[in-house]
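Coordinate inspection notes
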Amino acid sequence: MTETSPQRPSPRPLRVLAAMSGGVDSAVAAARAAEAGHDVTGVHLALSANPQSFRTGARGCCTIEDSRDARRAADVIGIPFYVWDLAERFREDVVADFVSEYEAGRTPNPCLRCNEKIKFAALLDKALALGFDAVCTGHYATVVLREDGTRELHRASDMAKDQSYVLGVLDEKQLAHAMFPLGDTVTTKEEIRAEAERRGLAVAKKPDSHDICFIADGDTQGFLASHLGTAEGDIVDESGTKVGTHQGAYGFTIGQRKGLRIGHPAPDGKPRYVLDISPVNNTVTVGPAEALDVTALTAIRPRWCGTAPEGPGRYTAQLRAHGGETPVSAEMTDGQLHVTFDEPVRGVAPGQAIVLYDGTRVVGSATIATTVRRTDPAPARA
C-alpha cells in the first residue's frame, strides 16, 4: 500500500469557504483555518423557508439565532460572512427524501443525506464556481493525502468524537476539496470549548445540536403524520396474530421497543421489538429480540471514498452514527454490495447506511436494501 500522511496545509494559502452552523465546532474549525493562513470566508446555510419553524434555543442548527451566532463568530475571527439560501434544495433532497423513505418502510439518515446532497454537493459546487479551493466544516474526521496525490478519508484521531460515518458518502473528488481542521487533533470537547473561549467566541458554552434539525419539537412520528396523514393498521406477532393497532406504519423502525402500545405482554413475558414494517398493507410485525439477529445484508447505491474495491474483502462495518464496528466480509456483485457478518448484529433496518472501514480508512458506504436474519428459513436446495 502507498504510504500515507495527514493532509498538510498547502504552501500557498487556499481560498476556503467555512460552513458555519452557529455551533462551537464549526466556529473553531473556521478559526483554525484562518489561523493556518488560509483566506477564509464564512457562510451560514439557510435551510428552512421559515427558520422560526425550526428548533429554537441552542439545540438545532437552522434557526435565526444560529445564523446570528455564526455571524458573531465570523466577526471575532475577522473573516467575511454571508448567508446562503439553500432551503429549496434542502427541502427536496433531505426533507422530502426523509418522508418518502419512511413512507416506504425504510429508516433514513438525514444527516448523511445532508452531507451528500447539501454541504458537499450544492455548497461545494457553488464554492468551486466562485473560485474557492475547499469547503471547511467542523466534522471530526481526517483527510489523508497519499504520495500519489490521491486522498483518503480516515476516522478522527479521537474515536469518541469520530464523525466519519456520516461522511462516508463523499467521493474522492469531494475529498479533494474538503477540510476538517478538528479531525487530526486529540482534544476533548471541553478543550474545544476552552479554545473557543480563548478565541473570544461566544458560542464556547453553547450546547451541541441534537436530533433532526428540521423537526421542530423532536417528535418524528408527529412530523411524519403531518406529511403523510394517519392510517390505522394492525400490529401483529410473528404468527400473524393481531396484538395491537397503530396510526401509521411509517412511525416505526426496525428494532424499536418503546412506543408500541401493545395492550398485553408476550406469552413468555419478554419485551417485543419491531421486526418488520409493511407499507403495502400498513402492518407492523413485532417479536422477540433474538429475531432481530441479522447475519447478512445487501446494500445498493454504493459510494466509494476513492477507488472502488475489487473482489471479496475483509472489513469492519459501522451501521449507525454512534455505533461500534463489527467484522464483515463484503463483495460487489452486479452493482450491489453483499455483506456477511462474522457475528449476528441487531437493529439493522433497510434505508440505513452501512459504512465499510479498512483500519481507520473509510472505504465507502451503501444503503441497506435487504437483510438476512438468523431465524429466516434456509433457502430451498435445487
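Residues numbered from 1 in each chain as written. Predicted model: local features only at pLDDT ≥ 70, side-chain atom pairs only at ≥ 80, totals over all residues. Heavy atoms only, no water.

Stated precisely, the cut-off is as follows: UniProt positions are given in the numbering used here, feature names are shortened, and annotations may be inferred rather than shown by experiment.
By the naming in an unreviewed UniProt entry, the protein goes by tRNA-specific 2-thiouridylase MnmA and is assigned to Streptomyces roseoviridis. According to the UniProt record, the Catalytic activity (unreviewed entry) comment for the protein reads "S-sulfanyl-L-cysteinyl-[protein] + uridine(34) in tRNA + AH2 + ATP = 2-thiouridine(34) in tRNA + L-cysteinyl-[protein] + A + AMP + diphosphate + H(+)". Under the Subcellular location (unreviewed entry) heading, UniProt states for the protein: "Cytoplasm".

**A few points about the environment of Ile192**
Our working rule: What counts as a helix is a DSSP run of H or I of at least four residues, what counts as a strand is a run of E of at least two, and both are numbered from the N terminus. Using a 1.4 Å probe on the protein chains alone, a residue whose accessible area is under 20% of its type maximum counts as buried, one over 50% counts as exposed, and one in between counts as partly exposed. We call two residues contacting when some pair of their heavy atoms lies within 4.5 Å.
Looking at where Ile192 falls in the secondary structure, it is placed in helix α6 (residues 189–198). Under the relative-accessibility criterion, Ile192 is labelled buried at 0%. If we ignore the near neighbours within four places in the chain, the residues touching Ile192 are Val24, Asp25, Val28, Arg32, Tyr140, Leu182 and Thr187.

**Digging into the pattern of salt bridges**
Put simply, the rule is: Salt-bridge detection follows one rule: a side-chain nitrogen of Lys or Arg within 4 Å of a carboxyl oxygen of Asp or Glu.
Applying the stated criterion across every chain, the model contains 25 salt bridges. Across the pair Arg303 and Glu116 runs a salt bridge whose closest N-O atoms are separated by 3.7 Å. Placement of Arg303 in strand β13 (residues 294–304) and of Glu116 in helix α4 (residues 110–129) is noted, with a sequence separation of 187 residues between them. A relative accessible area of 23% places Arg303 in the partly exposed class. Residue Glu116 is classed as buried on the basis of its relative accessible area, which comes to 10%. With a closest N to O distance of 3.5 Å, Lys242 and Asp234 form a salt bridge. Look at Lys242 and you get partly exposed, because its relative accessible area is 48%. Ionic contacts of the salt-bridge type, sharing partners, join the residues Asp97, Arg113, Glu116, Asp171 and Arg303 into one network.

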